[in-house]
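# Chain and residue survey
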Amino acid sequence: MENLLAKIFILHVLLLGFLLPFSESLGVNYGQVGNNLPPPEKAIRLLRSLGITKTRIYDTDRGALTAFANSNIEIIVTVENEVFPTFTDPNQALKWVNTNIKPYFPATRITGIAVGNEVFTGGSTMLLSYIVPAMMNIHNALVRLGLDQCIQVSTPNSLAVLQESYPPSAGCFREELAGIMPEILQFLSATRASFWINAYPYFAYKDNPEKISLDYVLFNPNSGMVDQNTHLHYDNMLYAQVDAVTYAMARMGFTGIPVMVTETGWPSRGDANEIGATVENAAVYNRNLMARQTEHEGTPLRPNAKLEIYLFALFNENMKPGPTSERNYGLFRPNGTLVYNVGISSLPATSSATISSTSDSTKVIPTLHSNLICSASALLFLLFLHLNKQET
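What you are looking at is a predicted structure, and each value in this text was computed from that prediction instead of being measured. (Residues numbered from 1 in each chain as written. Predicted model: local features only at pLDDT ≥ 70, side-chain atom pairs only at ≥ 80, totals over all residues. Heavy atoms only, no water.)

Looking only at helices and strands, one finds 11 helices and 13 strands in the protein chain. Here the protein chain holds 392 residues, and the buried ones make up 50% of them. Sequence-distant contacts in the protein chain: of pairs separated by 6 or more residues, those separated by 24 or more amount to 72%. Accessible surface computed for the protein chain: about 17,500 Å², of which carbon and sulfur atoms make up 54%. (Helix = DSSP H or I, 4+ residues; strand = E, 2+ residues; numbered from the N terminus. Buried < 20%, exposed > 50% of the residue type's maximum accessible area, 1.4 Å probe, protein only. Contact = heavy atoms within 4.5 Å. Areas by Shrake-Rupley, 256 points an atom, 1.4 Å probe, with all protein chains shown as cover.)

Below you can see the structure in the form of structure tokens.
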């Protein structure tokens with residue numbers, strides 16, 4: 001009997017090893033730009049229902065940080081664009097960390113601080129002179145408090161930081177960033193932090209649907225493209241975009257900095273001119289991406305380096321400005337129902353066929369992680385019966 005129990009324990013550990021890796025490299029952004037969103041406690045339950053153990057918020061909301069305590073969900077917090085310029089003063093940076101990080105850590109598993117968001121996007125250059133001093137002072141404050149080994153500091157960038165991204169080997173930063181980008185890369189290299197990029201293949205497809213394959217941007221089976229300079233084959237645009245960033249950093253002399261995708265996603269609804277913004281495409285993009293993440297894939301340039309990705313977003317946010325698509329990136333509606341099925345039946349997902357929507361549903365359909373648990377439990381039970389039979 002003791003031998004049987006030992007075998008069951010080993011099987012239990014192996015099954016947990018099968019379940020847990022899904023969440024190791026996949027997170028979901030938790031935006032809160034809405035007046036009808038549920039409390040953070042429900043957001044935590046929904047993240048858990050998907051088997052997600054990483055999230056990112058766009059501020060340091062006290063209610064959210066308190067709710068995430070002891071949830072075992074890793075969280076990246078954000079210093080808003082209008083706040084971080086004051087952190088050129090080291091005392092202000094230390095005060096901020098003492099107020100917004102130290103009281104919650106380690107019960108709340110804060111793993112990263114995003115200094116601003118897409119600072120280099122748009123015509124304004126007002127924030128550029130503040131970003132590096134702010135990052136350095138926040139990091140120094142973490143060092144002073146003994147938190148720098150647990151919390152990394154970086155800044156999320158849009159793909160607009162690139163002058164060229166096709167083919168990936170031609171990746172290079174915009175000329176006007178030639179002064180400040182090396183300073184950021186030097187900081188990231190010195191602190192062993194990642195370059196954070198918000199990458200949306202959807203935008204490329206929307207702007208040029210005649211020339212860009214929908215299957216290529218959705219991770220569906222396709223012939224892909226070969227970078228003639230490197231002979232690397234790409235079967236999806238997201239990996240090509242990530243490698244373009246890696247090549248851009250290499251052109252500035254930085255070859256060892258990891259890339260993390262802090263945002264990617266696909267809108268389930270859009271205006272008439274937002275081609276491709278449909279429930280079907282959103283479901284396929286996110287399902288296929290989730291399937292890729294279970295395989296712990298790297299990009300063609302860095303095949304052995306697991307790519308960490310954060311989906312945007314947990315909820316549809318009804319107060320976000322801009323076109324209709326901006327309010328329809330969520331996996332969930334504010335009432336907790338799924339916008340589309342991201343369940344186990346989609347793994348592996350390869351096409352838009354048999355997509356089911358929950359528009360008429362009032363209940364959340366069985367989710368990826370719960371189905372994995374049920375399948376694993378059933379397997380464990382069958383193995384138990386088999387081993388018990390052998391013992392007797």
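On to the environment of Arg-56. The residue Arg-56 is located in strand 2 (residues 54-56) in this model. C-alpha separation for the pair Arg-56 and Gly-112, spaced 56 residues apart in sequence, amounts to 8.7 Å. Dropping the residues within four chain positions of it, Arg-56 is found in contact with Val-28, Asn-29, Tyr-30, Ile-76, Thr-78, Asn-117, Pro-156, Asn-198, Thr-262, Glu-263 and Tyr-310. A polar contact is formed between the side chain of Arg-56 and the side chain of Tyr-58, at a distance of 3.4 Å. (Polar contact = N/O pair within 3.5 Å; in protein donor to acceptor, adjacent residues only side chain to side chain.)

Sheet strands pair by backbone hydrogen bonding; their relative direction is either parallel or antiparallel. Here 9 strands make up an open sheet; going across it, the order is 5-4-3-2-1-13-12-9-6 and the pairing parallel. Each edge of the sheet is formed by a strand with only one pairing partner; in this case those strands are strand 5 (152-154) and strand 6 (156-158). Within the sheet, the average angular offset between the axes of one strand and its neighbour, ignoring direction, is 25 degrees. With 5 bridges connecting them, strand 3 (residues 74-79) and strand 4 (residues 110-115) associate as parallel partners. The residue bridging Ile-76 from the neighbouring strand is Gly-112, located in strand 4. The strands that helix 10 (residues 279-294) touches are strand 1 (26-29), strand 12 (259-264) and strand 13 (309-311); relative to strand 13, the one it contacts most, it runs at about 150 degrees. (Pairing = 2+ DSSP bridges. Axes fitted to C-alpha atoms, helices over the stretch in contact; angles between N-to-C directions.)

All right, on to helix 9 (residues 237-251) then. Counted at 1.5 Å a residue, the expected span for helix 9 with its 15 residues is 21 Å, and the 21 Å between its end C-alpha atoms agrees. Across the 15 residues of helix 9, 13 count as buried, placing the element largely inside the fold. (Expected span 1.5 Å × (residues − 1).)

With that settled, consider the side chain of Asn-29. Examined against the element boundaries, Asn-29 turns out to sit in strand 1. In terms of polar contacts, Asn-29 uses its side chain to reach the side chain of Arg-56, at 3.4 Å. Looking at Asn-29, its side chain comes within polar contact range of the side chain of Tyr-58, at 3.1 Å. With residues up to four places along the chain from it excluded, the contact list for Asn-29 reads Thr-55, Arg-56, Tyr-58, Thr-262, Glu-263, Tyr-310, Leu-311, Phe-312, Ala-313 and Leu-314.

Before going further, it helps to examine the packing of helix 5 (residues 128-144) against helix 6 (residues 181-191). Closest axis-to-axis distance for the helix 5/helix 6 pair is 10 Å, and the angle between their directions is 15 degrees. Viewed along their axes, helix 5 and helix 6 adopt a mutual orientation that is roughly parallel. Of the two elements, helix 5 crosses helix 6, and the hand of that crossing is left-handed. Every residue of helix 6 that contacts helix 5 at Ile-131, Val-132, Met-135, Met-136 and His-139 is listed here: Glu-183, Ile-184, Phe-187, Leu-188 and Thr-191. (Parallel < 35°, antiparallel > 145°, perpendicular 65-115°, else oblique. Left-handed = near helix turned anticlockwise from the far one by under 90°.)

We now examine the nonpolar core. Judged by nonpolar contacts, the single largest core of 103 residues is most densely connected at Ile-113, Ile-131 and Phe-195. Among the elements that line this core, the one with the most residues is helix 9, at 10 residues. The contacts of Ile-113, once residues within four sequence positions are left out, are Ile-76, Val-77, Val-79, Trp-96, Ile-101, Ile-138, Leu-142, Ile-151, Gln-152, Val-153, Ser-154 and Trp-196. Membership of the second largest hydrophobic core comes to 5 residues, among which are Ile-76, Trp-196, Met-260 and Tyr-310. (Core = buried A, V, L, I, M, F, W, Y, C linked by side-chain atoms within 4.5 Å.)

The description of an aromatic ring pair uses the distance of the two centres, along with the angle that the planes make with each other. Taken as a whole and judged by the stated rule, the model has 14 aromatic pairs. Geometrically, the ring pair formed by Phe-87 and Trp-96 is tilted, given 5.7 Å between the ring centres and 55 degrees between the ring planes. No difference in accessibility class separates Phe-87 from Trp-96, as the two residues are buried. Three or more aromatic residues joined by ring pairs form one cluster here, namely Tyr-58, Tyr-200, Tyr-202, Phe-203, Tyr-205, Phe-219, Tyr-239, Trp-266, Tyr-285, Phe-312 and Tyr-329. (Phe/Tyr/Trp six-rings, centres within 6.5 Å; stacked < 30°, edge-to-face > 60°.)

All right, on to the packing of helix 4 (residues 90-100) against helix 5 then. The interhelical angle for the contact between helix 4 and helix 5, taken along N-to-C directions, is 60 degrees, at an axis separation of 8 Å. It follows that helix 4 is oblique to helix 5 by the angle criterion. Handedness of the crossing formed by helix 4 with helix 5: right-handed. Here helix 4 contributes Pro-90, Ala-93, Leu-94 and Val-97 to the contact with helix 5, which in turn contributes Asn-137, Ile-138, Ala-141, Leu-142 and Arg-144. Looking at the contact of helix 4 with helix 5, its residues break down into 7 nonpolar, 1 polar and 1 charged. (Nonpolar A, V, L, I, M, F, W, Y, C, P; charged D, E, K, R; others polar.)

This part covers unusual backbone geometry. The omega angle of the peptide bond from Tyr-166 to Pro-167 is -10 degrees, so this bond is cis rather than trans. Position of Pro-167 relative to the elements: it lies in the loop between strand 7 (162-164) and strand 8 (172-173). With an omega of 10 degrees, the peptide bond between Phe-312 and Ala-313 qualifies as cis. Within the fold, Ala-313 resides in the loop between strand 13 and helix 11 (368-391). A positive phi is found at Asn-70, a non-glycine position, where the angle reads about 60 degrees.

Structural measurements only, silent on function.
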